[in-house]
Amino acid sequence: MSTPHGLAILGSTGSIGRSTLAVVALHPERFRVAVLGAHGSWQAIVEQARQFHAETVVLVDQQAAALARAALRDCGSPTRVESGPEALADAVAADNVDVVMAAIVGAAGLASTLAAVRAAKRVLLANKEALVMAGQILMDEVRRAGAQLIPIDSEHNAIFQCMPAGYLPGDVARGVMRVILTASGGPFRCTDIDRLPHVTPDEACAHPKWKMGRKISVDSATLMNKGLEVIEASFLFKANSSQIEVVIHPQSIVHSLVEYIDGSVLAQLGNPDMRTPIAHALAFPERIDPGVQSLDLCAIGSLQFERPDLDRFPCLRLAYRALDAGGNAPIVLNAANEVAVAGFLSGRLAFARISGVVEEVLARITPGRVRTLEDVLAADAQARAEAEQQLGAVAVYR
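Definitions and limits used
Once a new chain begins, its residue numbering starts again from 1 and follows that chain's sequence as written. Under the rules for a predicted model, residues below a pLDDT of 70 receive no local features and side-chain atom pairs below 80 are neither given nor counted, while totals for whole chains, interfaces and linings still include all residues. Excluded from the side-chain calculations are hydrogens and water; all other atoms, namely the structure's heavy atoms, are used. What counts as a salt bridge is simple: a side-chain nitrogen of Lys or Arg found within 4 Å of a carboxyl oxygen of Asp or Glu. Secondary structure is summarised from DSSP: a helix means a run of H or I of at least four residues, a strand means a run of E of at least two, and numbering begins at the N terminus for each. Partly exposed residues are those whose accessible area sits between 20% and 50% of the maximum for their type, while under 20% is buried and over 50% is exposed, using a 1.4 Å probe and protein chains only. Classification of ring pairs rests on two measures: the distance between centres of Phe, Tyr or Trp rings, Trp counted by its six-membered ring, which must be within 6.5 Å, and the angle between planes, read as stacked under 30 degrees, edge-to-face over 60 and tilted in between. Any pair of nitrogen or oxygen atoms within 3.5 Å is treated as a polar contact; in protein, a donor-acceptor pairing is required on top of that, and neighbouring residues in sequence qualify only through side-chain atoms on both sides. Strands are labelled as partners when DSSP assigns at least two bridges between them. Axes here mean lines fitted to C-alpha atoms, for a helix over just the part in contact, with angles spanning 0 to 180 degrees between N-to-C directions. In what follows, residue pairs with any heavy atoms lying within 4.5 Å of each other are defined as contacts. Orientation is classified from the angle alone, with under 35 degrees giving roughly parallel, over 145 giving roughly antiparallel, 65 to 115 giving roughly perpendicular, and any other angle giving oblique. When residues are grouped by polarity, Ala, Val, Leu, Ile, Met, Phe, Trp, Tyr, Cys and Pro land in nonpolar, Asp, Glu, Lys and Arg in charged, and all others, Gly among them, in polar. For a crossing to be left-handed, the near helix must be turned anticlockwise from the far one by less than a right angle; the clockwise case is right-handed. The span you would expect from a helix comes to 1.5 Å times its residue count less one.

### Quick word on the pattern of salt bridges
This model, assessed by the stated rule, comprises 27 salt bridges. When the shortest N-O distance is used, the salt bridge between Glu 232 and Lys 128 registers 3.8 Å. Taken together, the residues span a long stretch of sequence, with Glu 232 in helix H10 (residues 224-236) and Lys 128 in helix H6 (residues 128-145) at a distance of 104 residues. Exposure remark for Lys 128: the relative accessible area of 8% places this residue in the buried category. Measuring nitrogen to oxygen at the nearest pair gives 3.8 Å for the salt bridge that ties Arg 364 to Glu 386. Linking Arg 364 in helix H15 (residues 354-364) with Glu 386 in helix H16 (residues 373-393), this pair joins segments that are 22 residues apart in sequence. Several salt bridges share partner residues, and in doing so they unite Lys 128, Asp 153, Glu 155, Lys 226, Glu 229 and Glu 232 into one network.

### Some remarks on the packing of aromatic side chains
A complete count under the given rule lists four aromatic pairs for this structure. For the ring pair Phe 160 and Phe 284, a centre distance of 5.1 Å and an interplane angle of 50° mean the geometry is tilted. With Phe 160 in helix H7 (residues 154-162) and Phe 284 in the loop between helix H11 (275-283) and helix H12 (297-300), this residue pair connects regions lying 124 residues apart in the sequence. With a centroid separation of 5.1 Å and 75° between ring planes, the pair formed by Phe 188 and Phe 351 is classed as edge-to-face. Linking Phe 188 in the loop between strand E8 (176-183) and helix H8 (201-204) with Phe 351 in the loop between helix H14 (329-345) and H15, this pair joins segments that are 163 residues apart in sequence. With a relative accessible area of 4%, Phe 188 lands in the buried category.

### Notes on the side chain of Gln 251
Tracing the sequence through the fold places Gln 251 in the loop between strand E9 (244-248) and strand E10 (254-260). A relative accessible area of 13% means that Gln 251 is categorised as buried. Here the side chain of Gln 251 touches Gln 304 through a polar contact of 2.8 Å, side chain to side chain.

### Focus: the sheet that holds strand E2 (residues 31-38)
With parallel pairing, seven strands are arranged side by side in an open sheet as E4-E3-E2-E1-E5-E6-E7. Of all strands in the sheet, those bounded by a partner on one side alone are strand E4 (80-83) and strand E7 (148-151). For this sheet, the mean inter-axis angle between neighbouring strands, taken without regard to orientation, is 20°. The sheet contact formed by strand E5 (residues 99-102) and strand E6 (residues 122-125) spans four bridges and is parallel. Note that in E6 the partner of Met 101 across the bridge is Leu 124.

### Quick notes on the environment of Pro 151
By the secondary structure assignment, Pro 151 is in strand E7. Given the relative accessible area of 3%, Pro 151 is considered buried. Taking C-alpha positions, Pro 151 is 7.5 Å from Ala 281, a pair spaced 130 residues apart along the chain. Apart from residues lying up to four places away in sequence, Pro 151 is in contact with Leu 125, His 156, Asn 157, Phe 160, Pro 169 and Leu 236.

### A word on the packing of helix H9 (residues 214-222) against H10
It is at 5 Å that the axes of H9 and H10 come closest, and there the two elements cross at 90°. Taken together, the axes of H9 and H10 are roughly perpendicular relative to one another. Taken together, the residues of H10 that come into contact with H9 (itself represented by Asp 219, Ser 220 and Thr 222) are Met 224, Asn 225 and Leu 228. For the contact of H9 with H10, the class distribution of residues is two nonpolar, three polar and one charged.

### Section: the packing of helix H13 (residues 314-325) against H15
Two numbers describe how H13 lies on H15: the axes approach to 9 Å, and their chain directions differ by 20°. Taken together, the axes of H13 and H15 lie roughly parallel to each other. Seen from above, H13 lies across H15 with left-handed handedness. The residues of H15 that touch H13, namely those facing Pro 314, Cys 315, Arg 317, Leu 318 and Arg 321, are Ser 355, Val 358, Glu 359 and Leu 362. Residue classes in the contact of H13 with H15 are distributed as five nonpolar, one polar and three charged.

### Regarding helix H1 (residues 15-26)
The terminal C-alpha atoms of H1 lie 17 Å apart, and with 12 residues this matches the ideal 16 Å at 1.5 Å per residue to within 8%. When we look at burial in H1, the residues that qualify are Ile 16, Gly 17, Ser 19, Thr 20, Leu 21, Val 23 and Val 24. Along its buried surface, H1 packs onto strand E1 (5-10), E2, helix H2 (42-52), E5 and H11.

### Quick notes on the environment of Leu 59
Tracing the chain through its elements places Leu 59 in strand E3 (residues 56-59). On the basis of relative accessible area, Leu 59 is assigned to the buried category, the value being 0%. Separated by 48 residues in sequence, Leu 59 and Gly 11 have C-alpha atoms that sit 9.7 Å apart. Contacts of Leu 59, omitting those with residues within four sequence positions, involve Ala 38, His 39, Gly 40, Ser 41, Trp 42, Ile 45, Ala 64, Ala 65, Ala 68, Glu 82, Ser 83 and Gly 84.

Laid out in structure tokens, this is it:
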């Protein structure tokens, strides 16, 4: 039997992290948990470290790390506890790590993802922002270091599974004409447009198919999540905007499709459960049981597809615009959206004004080239500051 792969799970206390550990628990002979990383959820990560005998825990928040260190020491655990973002980057580059699940949300996960790539690890990418903000930089580093990048988003993982044999993200896929991303349409697919200014955060977060965090649930309701995925797909699969299509598919059974130049269309189907793409990426190129119920097509009965209404989902249009503009535009789009969504969730902004804030920020910030990580972070900070100003200028959500 081969030696178990050393696994680092960044964002272990979040939804993707917990799902990853659920798959790992089914296959203890294949994986050992080398590193668990999170921002500040020390109690949850202590329980994970005890259950999976993690070698190292890294918490970005120093106070949380001190509490975790004391709790693990008190129970006699040998797990080492480190703190700070630099410790995350060091941990994923260490020799005891073979595979890195990069699932820290937002810009906070960018540095550790780059560190894993530069250390030539297999990186399972669940952090949308890494590609949206620094796609060219990241993919250039993948090629330079000889790392392997496998997407975890159900849509991109589905596209990867439908690509030609031997294909790896970042390569040109020979014979592929276009990729088709599916979107559930979220909770407001059929809601009267006139009612959208008045919907509440709880309504926006009540996704009909997926169990997700509140920020990504709102992105699903605006279809910004699909817009960000369009940008991701352009970097992962070397596709331009005209080669990436989005279709609404309410059942969330067909996760994405790939059309070839001979007219063949390959699709990946499965129940809407993130353990499936996680298991695929963990074991690639082999297959393992993710613990997911088998798909029953007869019970589903029918599958629907429709074109997205850009009047209902203007964020999708903005994402295509940012992709075509290139440079700092995707960074500005992502940062402005994060601020606007936070404003909506906190009651400062109406749901229907999220796209307006993003569009205004895109219009106000001068287009620019992005060459380094410092350029990325500077553009992100500028867009966030402008978005906060716009948030203060619009009507407060009641």
